[in-house]
Amino acid sequence: MPFREGESGSAPTLIQSVRRAVRLLDELERRGGTGSAKQLARESLLPLPTAYHLLRTLVHEGLVRNDNGVYRLVSPLRRDTARAVHEPALRIQAWVNALSRDLDAAVYFVQYRDGEVQLGAVSDNPARPPVQEWADFRATAHAHAAGQCLLLQLEPEQRVEHLGRHPVGELTAHTVATRRDFERRVAAMPRRLPVMEHQEYAVGTACAAVPITVGAETAAVALSIPASEGGRLRGLADLLQRRAEQVLISQTFAVAAHGHEP
């Protein structure tokens, strides 16, 4: 008998719920965009009550439509083309701007796409300017929290390939300077907890990042503050993770859909 999620009796976390909802969306797409709750639950290996709950959430978020018990996929890519292209980016920018004000820190949204670290959005907050990119952000993922968080989410072979193209090197006196030391550090990192670094990328700056993974998308949201305020970092990192979880369903699905645009 295959393992079915939700039978252990423990309450799922928000991230687990998002993963399960993604499976329902993937199954809907595989079925051509339509399916009943029973069909989707069976094919996604989910208990029927869990599938119903997640489908109601997806309907509420406008990602799925319920037509008398037949669920239909409503992809942002099937809406008006201009909205499909611009709406996700605008929502991400507004989100990082709001986070920056709420957390009193510079905030960044990053993705790992086409084998590279890509900076998707940076908060616009004059009171908390972002870190100046003095060394290529894409080539120094080992040194900043956002990049470390992305690399941590990759499969081992993907990480090996990335580090082969972008070798580990010392940027400051605090940077992990060798690949062997960096790989040991990554092996000891829990994949779902915030990543924090102090002055590894830029002297005078402390950073934290939390992962956002939906389907095949690998992304993270990060923040930076002056190193002199480093005592705030742990609390900010925990708060950042809670805020990221709160918007996973409504925000990240839009990001994922936009990222898969042909």
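Look up a bit, the structure's there.
Criteria and cut-off values
Residues numbered from 1 in each chain as written. Predicted model: local features only at pLDDT ≥ 70, side-chain atom pairs only at ≥ 80, totals over all residues. Heavy atoms only, no water. Buried < 20%, exposed > 50% of the residue type's maximum accessible area, 1.4 Å probe, protein only. Helix = DSSP H or I, 4+ residues; strand = E, 2+ residues; numbered from the N terminus. Pairing = 2+ DSSP bridges. Contact = heavy atoms within 4.5 Å. Polar contact = N/O pair within 3.5 Å; in protein donor to acceptor, adjacent residues only side chain to side chain. Phe/Tyr/Trp six-rings, centres within 6.5 Å; stacked < 30°, edge-to-face > 60°. Axes fitted to C-alpha atoms, helices over the stretch in contact; angles between N-to-C directions. Parallel < 35°, antiparallel > 145°, perpendicular 65-115°, else oblique. Left-handed = near helix turned anticlockwise from the far one by under 90°. Nonpolar A, V, L, I, M, F, W, Y, C, P; charged D, E, K, R; others polar. 1 Å grid on protein atoms, 1.4 Å probe; cavity = no way out; pocket = protein on both sides within 12 Å on 5 of 7 lines; lining within 4 Å. Points joined across faces, edges and corners; volume = space filled by probe spheres on them.

### Topic: the pairing of strand β3 (residues 70-73)
Alternating positions in β3 separate cleanly, Y71 and L73 being buried on one face and V70 and R72 remaining unburied on the opposite face. Looking at chain direction, strand β1 (residues 34-36) and β3 are connected through three bridges and run antiparallel. Note that in β3 the partner of G35 across the bridge is Y71. Counted along the chain from strand β2 (residues 64-67) to the antiparallel partner β3, the turn is two residues long, and its residue N68 has a positive phi close to 55°.

### Quick word on the environment of H144
Locating H144 in the fold gives a position in the loop between β5 (116-122) and α5 (145-153). H144 sits in the buried class, given a relative accessible area of 4%. The sequence separation of H144 and S224 amounts to 80 residues, and the corresponding C-alpha distance is 9.9 Å. Aside from chain neighbours lying at most four places away, what touches H144 is F137, E197 and Y201. Of note is the side chain of H144, whose polar atom sits 3.0 Å from the backbone oxygen of F137.

### Here we look at the packing of aromatic side chains
Summed over all chains, the structure comprises one aromatic pair. Aromatic side chains W134 and Y201 sit 6.1 Å apart centroid to centroid with 45° between the ring planes, which places their arrangement in the tilted category. Separated by 67 residues along the polypeptide, W134 in the loop between β5 and α5 and Y201 in the loop between β6 (195-198) and β7 (205-214) bring together distant segments of the chain. When its relative accessible area of 6% is taken as the criterion, Y201 is described as buried.

### Quick word on the packing of helix α6 (residues 156-165) against helix α7 (residues 179-187)
At a minimum axis separation of 12 Å, α6 and α7 run at an interaxial angle of 150°. Overall, the two elements α6 and α7 adopt an arrangement that is roughly antiparallel. Crossing hand, α6 versus α7: right-handed. Counted together, R159, V160, L163 and G164 of α6 and R179, F182, E183 and V186 of α7 form the full contact between these two elements. Along the lines of polarity and charge, the residues of the contact of α6 with α7 split into four nonpolar, one polar and three charged.

### Quick look at the environment of S17
Counting through the fold element by element, S17 comes out in helix α1 (residues 14-30). By relative accessible area, which is 17% here, S17 ends up buried.

### Comments concerning the layout of surface pockets
It is a probe the size of a water molecule, rolled over the atoms, that shows where empty space is left. Roughly 200 Å³ of volume is contained in the second largest pocket. If you trace the second largest pocket, you find 15 residues lining it, with Y108, L119, V131, F137 and Y201 closest to the centre. Contributing elements (two or more residues each) for the lining of the second largest pocket: β5, α5 and β8 (217-226).

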